[in-house]
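Chains, contacts and geometry: an overview
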Amino acid sequence: MWLHSGWIDMVWRYRRTRIGPFWHTLSLGIYVIVMGVIWSAALKQDSAQYLRFVGTSIVVWSLISSFITEGTATLIAGESTALSMRFPYIAFTFQHVWRSLILFAHHFVLYFLIIIGTWHSPGFVAFWAIPGLLLVLANGVWMSLLAGIVSLRRRDFIPAISSVMQIAIFVTPVFWPKGSLGPQLAYAADFNPLYHLVTIVREPLLGSAPPLVSWAASFFTLFIGSLTTFYIYGRHRDHFAYWY
């Protein structure tokens, strides 16, 4: 049911447009080119190599970011359904994650264009991005649900979370590689769970295996995040209808 709802929602969002969700891909592509040119010059990086890095990073980041920023509206948007029938609230989250995955698939076209345009082949190691993506999606469920719950309870969290994520992209190695921090500060990135979620998908797509610490950190984030979120969900689920 949530698969169908997510697909229909995507269709209705872009009905009567010529290229549909590819408008997002086009704007993201322009953003990648502009930022790639500016930051490669600022960081004194090879332009082709840096374009691959930042382009792949932003494509993956856009998926993770959507779980959190757009997840704030998942439960609020389902008000009419939730109040008119007995409906599992978590289905709204699954619908949102599925919709984000569809949009990610459109953004992935940008990754192929960058790889072809820079004459780079990641090799068979790129297939490691598949389990990495599945792990990111699993984390996306609790991220979206938690963002939806707190935003349903306190609407101030919607702009607050959006502001935090605008800052998070600059403190996460998305535009800059972790190594640019130097040996004394590079370890600081390891305390950022978003960095590890980006890494387990980005690194295989660039042709290198993700470090084991990123896999371990992503599974740990999934465990702690899911445990916390579903505890809150189970405790307050019966109150959601009164929070609309």
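It should be noted that the structure appears before, not after, this text.
Residues numbered from 1 in each chain as written. Predicted model: local features only at pLDDT ≥ 70, side-chain atom pairs only at ≥ 80, totals over all residues. Heavy atoms only, no water.

Despite not being glycine, tryptophan 119 shows a phi value in the positive range, around 55 degrees. Of note, tryptophan 119 is situated in the loop between helix H6 (90-117) and helix H7 (129-153). (Helix = DSSP H or I, 4+ residues; strand = E, 2+ residues; numbered from the N terminus.)

A separate point is helix H2 (residues 22-42). Between its first and last C-alpha atoms H2 spans 30 Å; for 21 residues at 1.5 Å apiece the expected length is 30 Å, and the two agree. All of the buried residues along H2 are Thr25, Leu28, Gly29, Val32, Met35, Gly36 and Ser40. Its buried side turned inward, H2 meets helix H3 (47-69) and H6. One or two positions beyond H2, positive phi appears at lysine 44, with a value near 55 degrees. (Expected span 1.5 Å × (residues − 1). Buried < 20%, exposed > 50% of the residue type's maximum accessible area, 1.4 Å probe, protein only. Contact = heavy atoms within 4.5 Å.)

Turning next to the packing of H3 against H7. The packing of two helices is summarised by the inter-axis angle and the distance between the axes. In contact at an axis separation of 7 Å, H3 and H7 are set at 20 degrees when each is read in the N-to-C sense. Between H3 and H7, the angle is such that the two are roughly parallel. On H7, the residues that touch Leu63, Ile64, Phe67 and Ile68 of H3 are Leu133, Val136, Leu137, Gly140, Met143, Ser144 and Ala147. Taken together, the residues of the contact of H3 with H7 break down into 9 nonpolar, 2 polar and no charged. (Axes fitted to C-alpha atoms, helices over the stretch in contact; angles between N-to-C directions. Parallel < 35°, antiparallel > 145°, perpendicular 65-115°, else oblique. Nonpolar A, V, L, I, M, F, W, Y, C, P; charged D, E, K, R; others polar.)

The next thing to look at is the side chain of asparagine 139. As for its placement among the helices and strands, asparagine 139 is situated in helix H7. The class of asparagine 139 is buried, set by a relative accessible area of 0%. Once residues lying within four places of it in the same chain are set aside, the contact partners of asparagine 139 are Leu197, Ser218, Thr221 and Leu222.

To continue, consider the nonpolar core. Within the largest apolar cluster, 46 residues are counted, with the highest numbers of intra-cluster contacts made by Trp61, Val136, Phe175 and Leu194. Breaking this core down by element, the ones donating at least two residues are H2, H3, H6, H7, helix H8 (157-171), helix H9 (193-206) and helix H10 (212-236). Broken down by element, the residue count for this core peaks at 11 residues, all from H3. Non-local contacts of phenylalanine 175, meaning those with residues more than four positions away in its chain, are made with Tyr31, Met35, Trp39, Leu43, Tyr50, Phe53, Val54, Ile58, Ile169 and Phe170. Residues Ala82, Phe87, Tyr89 and Phe240 belong to the second largest nonpolar core, which totals 14 residues. (Core = buried A, V, L, I, M, F, W, Y, C linked by side-chain atoms within 4.5 Å.)

The first and last C-alpha atoms of H6 sit 41 Å apart over 28 residues, in line with the 40 Å expected at 1.5 Å per residue. Tryptophan 119 sits one or two residues past H6 and shows a positive phi near 55 degrees.

What follows is about the packing of aromatic side chains. What the rule picks out here adds up to 15 aromatic pairs. Between the aromatic rings of phenylalanine 108 and phenylalanine 112, the centroid separation amounts to 5.1 Å while the plane-to-plane angle is 85 degrees, which identifies the pairing as edge-to-face. A residue pair is termed a helical-turn pair when its members lie 3 or 4 positions apart in one helix, as phenylalanine 108 and phenylalanine 112 do in helix H6 at 4 residues. Assessed through its relative accessible area of 46%, phenylalanine 112 is described here as partly exposed. Counting every residue linked through ring pairs, the aromatic cluster contains Tyr89, Phe230, Tyr233, Phe240 and Trp243. (Phe/Tyr/Trp six-rings, centres within 6.5 Å; stacked < 30°, edge-to-face > 60°.)

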